[in-house]
Amino acid sequence: MRWWDIAPVLALEDELFPEDAWSAGMFWSELAHARGPRATRRYLVAEDGEGKLVGYAGLAAAGGLGDVQTIAVSRDQWGTGLGARLLTDLLHHATAFECDEVLLEVRVDNTRAQKLYERFGFEPIGFRRGYYQPGNVDALVMRLTVQGTETDSDGC
């Protein structure tokens, strides 16, 4: 994702998440940490064959922990595997950022997304009550242990 992607990302954000959409400032802040040798973020966009933005995703990483910040796919792309491809990219970068675990929050009423995360091995670990505002919707917190980062039985 680059600065010129923010306007179409915001349009899709408003369409998909009308009650709790991110602001332009939130995306600008995230992108400020996504470039250079000290980058701690990975943000990407997906376009259709005509160059229209149809999805985006973001990951933050720090101290061995990754956090899926956002994944969004336009409704006309649901069921195409785009969400899985975006998540695959984020998890690849979690490994590059040397994350041992990846966390995420997902609305408790978003079963479509929950099923995607479960297919990738994320497991529920708790709830954040009233996390999504202003609708006061709870978030399900899910965790994935990143493969290849666990130590073996003798600690090596």
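Residues numbered from 1 in each chain as written. Predicted model: local features only at pLDDT ≥ 70, side-chain atom pairs only at ≥ 80, totals over all residues. Heavy atoms only, no water.

### Comments concerning the packing of helix α1 (residues 6-16) against helix α2 (residues 24-31)
Selection criterion: Angles here are taken between N-to-C directions and fall from 0 to 180 degrees, while the axes themselves are lines fitted to C-alpha atoms, restricted in helices to the stretch in contact. Numbering goes from the N terminus for both helices and strands, where a helix is a DSSP run of H or I of at least four residues and a strand is a run of E of at least two. An angle below 35 degrees is treated as roughly parallel, one above 145 as roughly antiparallel, one from 65 to 115 as roughly perpendicular, and anything else as oblique. In this scheme the handedness of a crossing depends on how the near helix is turned from the far one: anticlockwise by less than a right angle means left-handed, clockwise means right-handed. Contacts are residue-level and defined by heavy atoms, with any inter-residue pair within 4.5 Å sufficient. Residue polarity is assigned by list, with Asp, Glu, Lys and Arg as charged and Ala, Val, Leu, Ile, Met, Phe, Trp, Tyr, Cys and Pro as nonpolar; anything else, Gly included, falls into the polar class.
Closest axis-to-axis distance for the α1/α2 pair is 10 Å, and the angle between their directions is 130°. In terms of orientation, α1 and α2 fall into the oblique class. α1 and α2 meet at a crossing whose hand is right-handed. The segment α1 lies against α2, with Ile6, Val9, Leu10 and Glu13 engaging Ala24, Phe27, Trp28 and Leu31. A class-by-class count of the residues in the contact of α1 with α2 yields seven nonpolar, no polar and one charged.

### Side note on the nonpolar core
The test is simple: As used in this record, nonpolar core signifies buried Ala, Val, Leu, Ile, Met, Phe, Trp, Tyr and Cys residues forming a set joined through side-chain atoms within 4.5 Å. The buried label applies to any residue whose accessible area, calculated with a 1.4 Å probe on protein chains only, is under 20% of its type's maximum; exposed applies above 50%, and partly exposed to all values in between.
Core analysis: the largest hydrophobic core is formed by 28 residues, its most contacted members being Val68, Ile71, Leu86, Leu87, Val102, Tyr117 and Phe122. Mapped by element, the contributors of at least two residues to this core are β1 (41-47), β2 (53-62), β3 (65-73), α3 (82-96), β4 (101-107), α4 (111-119) and β6 (137-145). Counting residues per element, this core draws most heavily on α3, at seven residues. When residues no more than four places from it in sequence are discounted, the contact partners of Leu86 are Leu44, Ala46, Gly55, Tyr56, Ala57, Ile71, Ala72 and Val73. Ranked by size, the runner-up nonpolar core spans 13 residues in total, among them Ile6, Trp22, Tyr56 and Ala72.

The values are spatial; any link to function lies outside them.
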